[in-house]
Structures are given as C-alpha cells and as structure tokens.
Amino acid sequence: MGPDAIELRGSRIAVCFGEQPYSALLGEGLLKQIGARLRQRLDCETCVIISDSNVAPLFANRVKKSLASAGFNPSLVTIPAGEKSKALGQVGAICDRMIAAGLDRQSFVVGLGGGMIGDISGFVAAIYHRGIPHVQIPTTLLAMVDSSIGGKTGVDTRDGKNLIGVFHQPSLVIDDLDVLKTLPRRQFNQGFAEIIKHAIIADQKMFRTLQSWDASSSLASGALALQSLIKRNIQIKSRIVAKDERDRTGERALLNFGHTVGHAIERAGNYQKFLHGEAVSLGIVAACAISAKRAGLRPDQRAAIVDLLERFGLPTRLPPNFPRKKIFDAIKFDKKFDGGKVRFVVTPRIGTARITNDVTLNDIREAVKQL
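Residues numbered from 1 in each chain as written. Predicted model: local features only at pLDDT ≥ 70, side-chain atom pairs only at ≥ 80, totals over all residues. Heavy atoms only, no water.

## A closer look at the confidence of the model for the chain
Then step 1. Put simply, the chain has an average pLDDT of 91, and 92% of its residues get 70 or more.
Then step 2. Predicted confidence for residues 1-10 stays below pLDDT 50, and this span has 21 contacts to residues more than four positions away or in other chains. (pLDDT = per-residue confidence, 0-100. Contact = heavy atoms within 4.5 Å.)

What follows is the structure, encoded as structure tokens:
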C-alpha cells in the first residue's frame, strides 16, 4: 500500500498492511482494558503472556487479571531479562510450557515487554501450531515507536542478531504510556535513538521539533506531547513498511539506517555494554560519516545529528578500549549483505535517505575507527 495506508483516530492508529490490518492503541490506563479490547477481536479462550524477569513483576498480574475478567484463561511464562534470552533454546522452552498448559491453534500469545520480548514472543506465535495470533504490549519507548510495528520477529544466533526469524504481524498493539513511568532514564532515552533515526530518514520537521524538545522533562509533564510524538513515529514506520512489508524492494531497508554498525557494536559488546538504542546511536554517527563521504551530507547537518543524539544522553563515541575489530568481524554476518555487497542506508540530507551499494567495507572500517 502507499502513503495513505495509515489512519490516525485519536488514540487509535489503524495499521493497514498485511493480510489482517490491525490497530495500535495509544493512551494512558490501557492495561486494565486489555481483556475487553481483546474480547472484541479474538474468539479464543486460552492464551499465554510471555514476559521477562524485569517486566513481569510490574505488570503481569494486572494483565492476567484483565484477561481473566474478560473470560480468557491466561498462563504466564517469564524468561530472564536481556538479549541473551533471545535464542532458539529459549523458544523451545517456551513452546514446551505452552504445550503443557494446553494451548492449541485457537490460543494466542501476548508479548509483554520491550523489543526482546516482542521479537521472541512474535516468533513463538508465528511457529506455534504454524501460527497463532500475537498481541504486542510494548513496555519501552523504543518498542512502542519501532519494534512493535511491522511484524518482524526473530532470535539471535552466535554470529549475529535476528538471523533466524519470520514475518508475523500482530493482531493488536497496545501502547499504555503509564508503563513508561517505570523506566529508568537510560532505558527511556534509548527510545529517542529510533525516533531521531525516523526524523533523519523521513521527517525534517520532526527533527526540528526534537531540537527544541526538553530532553530532561519528565513523562508526567509532557505526556500529551510524547503521545503525539509516538503517533508520528508509528505513522512513519507504518508507511514505510506498507510499501515493502516483506523487505523485498529495498524501501523497508531505509529503517536500517544506523543499524548495520549498531548491531555489530551490540554483538562486539556481548549485548551488555550498550542498550540497543545506544548502539543504534553510535551506528547513526558512523552512518553519517559514511553519508558525508558517499551521499554529500553537509558537515553542519552531520554536526546537528550528533548534537541531537547527545542532548538525549545517547553515546556518540566508543570507549577507547572498546574492541573495534570485533565490530568489523560482526558486520560480515549482517543480513544487509546481499550477494556479497553491503546494502547501506545513507542520508544526503536530514529528512531523506536512500539505499546504496557503493559503500565499501573499508568505508565502514574507517567510520568505526572514528567513533
């Protein structure tokens, strides 16, 4: 579908792509409404909530109670927090728990957590009985504006991120702003890496808005502004995905701006040194260096991007002792290598981006050296 594939209706965002168009509900106090909302959409009885050891103690009981009050029979599976849980072994263990709980092809999966939980719960939903509905309840800003939209699911392998996965669109996404109040500042700020990325590749006006944004303001004092910002980012991502849902034509690849190097930094740091958004921030800086060389990005625009990342407390330089060689080794396993060539996203100016095959491994190596 084209640019008109998204429709905003207050706190409801209709995401119109895939076999079954779905909605993203955005607002405050939505967790207690989950059961009633799902009862309108899903004619099922049994379901599983997949969450992690950080999020489950905060919200799982509330979600279970809401589901039970609407006549559902929910089970809870809690896995250890952190990227290392996003593995095939964990998927098998979750499926075993679901089988033991009696879930069948008429059941559904609820992913309650950040991007890691959304990826693994979506993958489980895609393969369990060859596919059952998936409901996303993202609990981080990053997941709300990015990973919960678009249907990409997957797990990591020893050699890289998301190398095993499948497209499986959710049946519903529920973004309750109240959950963001529990996020530490560092976790909250990492979401702005993806927001800034969207501005760089698709929305110059939003970039200017972010330049005047009070990066130190609390969620409580800026809830309406934040809700509007999340809506805009869902709109941007949805419109891009609608043109290339299965990542075949290259349009969706624009969303990978900053991710080629960012994912490699995550892996080089053993998924412990940097949060995903922090690694993407560093990847954006590297992509800007390459864009200056290969796409004519002006020095003042490159400086403005770096300054904006820093305003939100995001890293723009690697620690001196960081193993840069490991970054370059990890890049070779990236999914964005197509026929041995790098599909790299560059920005000629803020507000637009394009795919190029002109970027060399040496270009990437030099950009990493500058971090």
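## Focus on the environment of isoleucine 117
Then step 1. The topology assignment puts isoleucine 117 in helix H4 (residues 115-127).
Then step 2. Looking at isoleucine 117, the relative accessible area reads 0%, which means it is buried.
Then step 3. For the pair isoleucine 117 and proline 74, spaced 43 residues apart in sequence, the C-alpha to C-alpha distance is 17 Å.
Then step 4. Once you skip the residues sitting within four places of it in the chain, isoleucine 117 turns out to touch Ile50, Ser51, Asp52, Ile79, Gly111, Leu112 and Gly122. (Helix = DSSP H or I, 4+ residues; strand = E, 2+ residues; numbered from the N terminus. Buried < 20%, exposed > 50% of the residue type's maximum accessible area, 1.4 Å probe, protein only.)

## Re the pattern of salt bridges
Close approach of charged atoms allows side chains with opposite charge to pair.
Then step 1. The final tally for this structure, using the stated rule, is 17 salt bridges.
Then step 2. For aspartate 119, the salt bridge is made with lysine 86, and the minimal N-O distance between the two is 2.8 Å. Placement of the pair is aspartate 119 in helix H4 and lysine 86 in the loop between strand S5 (73-79) and helix H3 (88-100), with a sequence separation of 33 residues. Here aspartate 119 matches lysine 86 in class, with each residue buried.
Then step 3. A salt bridge links glutamate 278 to arginine 186, with the shortest nitrogen-to-oxygen separation between them at 2.6 Å. With glutamate 278 in helix H10 (residues 276-294) and arginine 186 in helix H6 (residues 185-202), this pair connects stretches of sequence that are 92 residues apart. (Salt bridge = Lys/Arg side-chain N within 4 Å of Asp/Glu carboxyl O.)

## Observations concerning the packing of helix H9 (residues 259-268) against H10
Then step 1. Running from N to C, H9 and H10 point in directions that differ by 135°, and their axes come no closer than 7 Å. Here H9 lies oblique to H10, going by the angle between them. Considering how the two elements wind past one another, H9 and H10 form a crossing that is right-handed. Between H9 and H10, the contacting residues are His259, Val261, Gly262, His263, Ile265 and Glu266 on the first element and His276, Ala279, Val280, Leu282, Gly283 and Ala286 on the second.
Then step 2. Residues of the contact of H9 with H10, tallied by class, amount to six nonpolar, five polar and one charged. (Axes fitted to C-alpha atoms, helices over the stretch in contact; angles between N-to-C directions. Parallel < 35°, antiparallel > 145°, perpendicular 65-115°, else oblique. Left-handed = near helix turned anticlockwise from the far one by under 90°. Nonpolar A, V, L, I, M, F, W, Y, C, P; charged D, E, K, R; others polar.)

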